[in-house]
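What follows is the residue order along each chain.
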Amino acid sequence: MKKTTTQHGKSFSSFFCNLFGHHYVVSKEVTQHIKEYKCLHCGKEVTTDVTGKLALLTPEMQEINNTLEDMYRKRKNKVVQHVA
């Protein structure tokens, strides 16, 4: 991921995001439907919640996503082994 550094640091990035909105990119794909996003300008991290809307990525939500990712990966590997 490319980072842009300015002389004004985070204050300029925050101003940019307040004026134009965040520019989120996918930073991690937890499942096909749940992803984690990070703003390219200010670094704010969000994730999709149960309703499909973006929610702030708290340590609790990050732990839930990690557990969900492990369960999803194990289930996916189990299905692949039964097919082979």
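First things first, this report covers the structure right here in the doc. This one's a predicted model, so the numbers in the text were calculated from it and none came from an experiment.

## Re the pairing of strand β2 (residues 35-39)
In step 1: Across the five residues that make up β2, a large majority, four, are buried.
In step 2: Sheet analysis places strand β1 (residues 24-29) next to β2, joined by five bridges and oriented antiparallel. Within β2, the position partnered with Val 25 by the bridge is Lys 38.
In step 3: Linkage of β1 to β2, two consecutive antiparallel strands, is achieved through a turn of five residues.

## Description of the state of the cysteines
In step 1: Under the criterion given, the structure shown has zero disulfides.
In step 2: Residue Cys 17 stays outside any disulfide, its sulfur separated by 3.5 Å from that of Cys 39, the closest cysteine.
In step 3: Taking the relative accessible area as the measure of exposure, Cys 17 reaches 6% and is therefore buried.
In step 4: Here Cys 42 is not cross-linked by a disulfide; its sulfur's nearest cysteine counterpart is in Cys 39, at 3.7 Å.

## Side note on a nonpolar patch on the surface
In step 1: Together, Phe 15, Leu 19 and Phe 20 give the surface a local cluster of nonpolar side chains, amounting to about 370 Å² of exposed area.
In step 2: Among the structural elements, Phe 20 can be located in helix α1 (residues 10-20).

## Observations regarding the pattern of salt bridges
In step 1: Enumeration according to the criterion identifies two salt bridges in this entry.
In step 2: Here Lys 28 ties to Glu 69 by a salt bridge, and the two come within 3.2 Å at their closest N and O atoms. Taken together, the positions of Lys 28 in strand β1 and Glu 69 in helix α2 (residues 59-83) put the pair 41 residues apart, joining distant regions of the chain.
In step 3: The class for Glu 69 is partly exposed, based on a relative accessible area of 24%.
In step 4: Linking Arg 73 and Asp 70 is a salt bridge whose minimum nitrogen-to-oxygen distance equals 2.7 Å. With Arg 73 and Asp 70 both in helix α2, this residue pair falls three residues apart, about one helical turn.

## Here we look at the sheet that holds β2
In step 1: Spatial ordering of the open sheet is given by β1-β2-β3-β4, a layout of four strands whose pairing is antiparallel. Every other strand in the sheet has two partners, leaving β1 and β4 (54-56) as the edge strands with one partner each. Across the sheet, the mean angle from the axis of one strand to that of its neighbour is 35°, orientation sign disregarded.
In step 2: Bridge count for β2 against strand β3 (residues 45-48) is three bridges, and the pairing is antiparallel. Among the inter-strand pairings, Tyr 37 is bridged to a residue of β3, identified as Val 46.

Reading guide: rules and limits
- Residues numbered from 1 in each chain as written.
- Predicted model: local features only at pLDDT ≥ 70, side-chain atom pairs only at ≥ 80, totals over all residues.
- Heavy atoms only, no water.
- Buried < 20%, exposed > 50% of the residue type's maximum accessible area, 1.4 Å probe, protein only.
- Helix = DSSP H or I, 4+ residues; strand = E, 2+ residues; numbered from the N terminus.
- Pairing = 2+ DSSP bridges.
- Disulfide = S-S within 2.5 Å.
- Patch = residues over 30% accessible without salt bridge, like charges linked within 9 Å, V, L, I, M, F, W, Y side chains within 5 Å.
- Areas by Shrake-Rupley, 256 points an atom, 1.4 Å probe, with all protein chains shown as cover.
- Salt bridge = Lys/Arg side-chain N within 4 Å of Asp/Glu carboxyl O.
- Axes fitted to C-alpha atoms, helices over the stretch in contact; angles between N-to-C directions.

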